[in-house]
Amino acid sequence: MAAEAVWSREFRRTFEALDEGKRIEVDFAIYAIEEDPAWDGAGRKLAPADSPYSGKIADLTVDGYVIVYQVVDKGAAVELWYLYELPPAERPRKPPRDVPMM
């Protein structure tokens, strides 16, 4: 069952400040979250119990950004709480696409 995304004011404010290309990437990520909001999806992490985000999920599928959301109403909705830009040192490392041949 697909969920409906509900945006916090802070999330919307951050989203609207993005350039058009990054907004499109975030839109695609939100669509994927709505289709499958589970915490165990590719590029998603469950927040630790001792963190201020306990009970929330971090989606890292948008390069350089993290979407913090929470599943509510037995999966009928997802609350989009925060959209953070990750500092370069904390961004997930991706393997190189082309490996040079020797």
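Anything mentioned here points back to the structure above.
If you're wondering where the values come from, they're calculated on a predicted model, not measured in any experiment. (Residues numbered from 1 in each chain as written. Predicted model: local features only at pLDDT ≥ 70, side-chain atom pairs only at ≥ 80, totals over all residues. Heavy atoms only, no water.)

1. Regarding the nonpolar core
A general trend in soluble globular proteins is that nonpolar side chains are found buried together.
And then number 1: With 17 residues, the main nonpolar core has Phe11, Val26, Ile67, Tyr69, Leu80 and Leu83 as its most contacted residues.
And then number 2: Going through the elements one at a time, helix H1 (9-16), helix H2 (20-35), strand E4 (65-72) and strand E5 (77-85) are the ones with two or more residues in this core. (Core = buried A, V, L, I, M, F, W, Y, C linked by side-chain atoms within 4.5 Å. Buried < 20%, exposed > 50% of the residue type's maximum accessible area, 1.4 Å probe, protein only. Helix = DSSP H or I, 4+ residues; strand = E, 2+ residues; numbered from the N terminus.)

2. Here's the deal with the pattern of salt bridges
And then number 1: For the coordinates displayed, the defined rule picks out 2 salt bridges.
And then number 2: A salt bridge links Lys22 to Glu25, with the shortest nitrogen-to-oxygen separation between them at 3.4 Å. Of this pair, Lys22 and Glu25 are both found in helix H2, 3 residues apart, which corresponds to roughly one turn of the helix.
And then number 3: Of the residues examined, Lys22 reaches a relative accessible area of 16% and is grouped as buried.
And then number 4: Taking the shortest distance from any N to any O, the salt bridge between Arg44 and Asp59 comes out at 3.1 Å. One end of the pair, Arg44, is in strand E2 (residues 44-46); the other, Asp59, is in strand E3 (residues 57-59), with 15 residues separating them in the sequence.
And then number 5: Look at Arg44 and you get buried, because its relative accessible area is 11%. (Salt bridge = Lys/Arg side-chain N within 4 Å of Asp/Glu carboxyl O.)

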